[in-house]
Structure formats: C-alpha cells, structure tokens
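Spelled out from the first residue to the last, the chains are:
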Amino acid sequence: MGCKVVLNCGTKTYEGLAKICDWLCVVETDALNYGLLARPAWEANYGNLWHMVHTCAVADMPRIVALAKQRKAGLITVTSDVMPNPYDTLPAYLDALVTELAKP
C-alpha cells in the first residue's frame, strides 16, 4: 500500500528506532537551541532522521538548513512560526526555504 512508519520522539532517542521505521524525528526545537544541540554519533549512520526547527527568522534559515544537511538529516522542517503550535502555518519564507533545501 505504500504506507510509511514515522516516529516522532522529537528528542534524543534509542538508535534501534532508526532501524525499524521509515522516518524518525530526533530533533524538534527552536532555531536558537538547534545550533547548540550535540547530536549522538550514531545518527551519522542513518539517512532517515528528521529534524524539525521552529521559531526560525528568515536571516537564520539558510544557516539552519545548512546545519541540518551537515548533520545528515533526511527530512528537514524549518518554520518561522512559534509555539504553542509552530506547524499551523507555512513559513513566511517558503520560497526561499525551498531554494535552500534544493541546494546540494
């Protein structure tokens, strides 16, 4: 049927989960804290990890996307929206985000 298994721990988690799902969210934080996060070494072995970053200003977005790529995130969500529900609108810089994501 083409179904995917997606787990959203949103934080550091057990490596074994990356082996049993299609996508595993291991980061869900704001842009300020994303740059400060130390990631476990095992994450470099997987291409199915998802990083979600909210409260990201347009000026910071290219740096956040580049850092997510450097950290080998397979899925990247970046938005300018803020808590308590940072996923209820599209980012104010959607076109620029798509351009950044398309870069190698």
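Structural data are supplied above this passage.
Counting of residues starts from 1 at the beginning of each chain's written sequence and follows it residue by residue. The model is predicted, so local features are restricted to residues of pLDDT at least 70 and side-chain atom pairs to those at 80 or more, both for listing and for counting; the totals for chains, interfaces and linings are taken over all residues. The basis for every side-chain value is the complete set of non-hydrogen atoms in the structure, without hydrogens or water.

Some thoughts on the sheet that holds strand E4 (residues 75-78)
Which entries qualify depends on this criterion: At least two bridges found by DSSP between two strands are what make those strands a pair. Each helix corresponds to a stretch of at least 4 residues labelled H or I by DSSP, and each strand to a stretch of at least 2 residues labelled E; elements are numbered beginning at the N terminus. All axes are obtained by fitting lines to C-alpha atoms, using only the stretch in contact for helices, and the reported angles, taken between N-to-C directions, cover 0 to 180 degrees. Residue contacts are defined here by distance: any two heavy atoms, one from each residue, within 4.5 Å place the two residues in contact.
The strand order E1-E2-E3-E4 describes an open sheet built from four strands, whose pairing is parallel. A single partner strand is all that each edge strand has here, and the edge strands are strand E1 (6-8) and E4. Along the sheet, successive strands turn relative to each other by an average axial angle of 20 degrees, direction set aside. On the sheet, helix H3 (residues 61-70) packs against strand E3 (49-54) and E4 and is oriented at approximately 160 degrees with respect to E4.

A few points about the pattern of salt bridges
Between side chains of opposite charge, pairing is possible as soon as their charged atoms come close. To be explicit about the condition: Here, a salt bridge means any Lys or Arg side-chain nitrogen found within 4 Å of an Asp or Glu carboxyl oxygen. Here's how the labels work: a residue is buried when its accessible area is under 20% of the maximum for its type, exposed when over 50%, partly exposed in between, all with a 1.4 Å probe on protein chains only.
Summed over the entire model, instances satisfying the criterion amount to three salt bridges. Among the salt bridges present, the one from Glu43 reaches Arg39, with a minimum N-O distance of 2.7 Å. Each of the two residues, Glu43 as well as Arg39, counts as buried. Close ionic contact of Glu100 with Lys103 constitutes a salt bridge, the shortest N to O distance being 2.9 Å. The exposure class assigned to Glu100 is buried, which follows from its relative accessible area of 16%.

Structural notes on unusual backbone geometry
Going from Met83 to Pro84, the amide bond is cis rather than trans, its omega being 20 degrees. Mapped onto the elements, Pro84 comes out in the loop between E4 and helix H4 (94-102). Its identity as a non-glycine residue notwithstanding, Thr55 has a phi of 55 degrees, on the positive side. With respect to the element layout, Thr55 can be found in the loop between E3 and H3. Located in the positive-phi region is Lys72, a residue other than glycine, with phi close to 65 degrees. In this fold, Lys72 is placed in the loop between H3 and E4.

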